[in-house]
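Examining the three-dimensional arrangement
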Amino acid sequence: MMKYRWSALLLLLFILPVNAGETMVDGPQRLALLIIAPWEGETAMHNDLKAMYDALRLRGFSADEILSLEGQLNRGSFMSFLQKARRRVARWRQGEIFFYF
């Protein structure tokens, strides 16, 4: 059940327009969202995040096209991260989003 709530949240995040009156950005855009929530003292997830970041850079993503959230997640930090992503894609006409959790 929780899986479907997150899916619905993410679907709404990327479908709902923000600032519809602003000029649209032409051309394809892309954004990678990387989220990890390791337990205290765990390093494997951090290493996974770094490996994913490096792989995206090798595939042509700029550092500006990759947003990451790492650490103990709470509602505030997670919603802030999603709002930042939403602002980034709000003016796109087309584009791609890569999501890694």
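Residues numbered from 1 in each chain as written. Predicted model: local features only at pLDDT ≥ 70, side-chain atom pairs only at ≥ 80, totals over all residues. Heavy atoms only, no water.

Remarks on the packing of aromatic side chains
- Within the structure shown, the criterion is met by zero aromatic pairs.
- The ring of phenylalanine 61 has arginine 30 sitting right over it, with the charged end atom 4.1 Å from the ring centre. (Phe/Tyr/Trp six-rings, centres within 6.5 Å; stacked < 30°, edge-to-face > 60°. Lys NZ or Arg CZ within 6 Å of the ring centre and 35° of its normal.)

Notes on helix H3 (residues 75-89)
- Across its 15 residues, H3 extends 21 Å between first and last C-alpha, which sits within 8% of the 21 Å expected from 1.5 Å per residue.
- Here H3 has its buried residues at Phe78, Phe81, Leu82, Ala85, Arg86 and Val89. Considered in projection along H3, the buried side chains sweep an arc of 140° and stay on one side of the axis.
- One side-chain oxygen at the N-terminal end of H3 lies 3.0 Å from the backbone nitrogen of glycine 76; it belongs to asparagine 74. (Helix = DSSP H or I, 4+ residues; strand = E, 2+ residues; numbered from the N terminus. Expected span 1.5 Å × (residues − 1). Buried < 20%, exposed > 50% of the residue type's maximum accessible area, 1.4 Å probe, protein only. Arc of directions from axis to C-beta. Polar contact = N/O pair within 3.5 Å; in protein donor to acceptor, adjacent residues only side chain to side chain.)

Here's the deal with the nonpolar core
- With 11 residues, the main nonpolar core is built from Leu31, Leu33, Ile35, Leu67, Leu69, Phe78, Phe81, Leu82, Ala85, Val89 and Trp92.
- Contributions of two or more residues to this core are made by strand S1 (25-36), strand S2 (66-70) and H3.
- Among the elements that take part in this core, H3 stands out by supplying five residues, more than any other.
- In contact with isoleucine 35, not counting residues within four places along its chain, are Leu69, Leu73, Phe78, Phe81, Phe99, Tyr100 and Phe101. (Core = buried A, V, L, I, M, F, W, Y, C linked by side-chain atoms within 4.5 Å. Contact = heavy atoms within 4.5 Å.)

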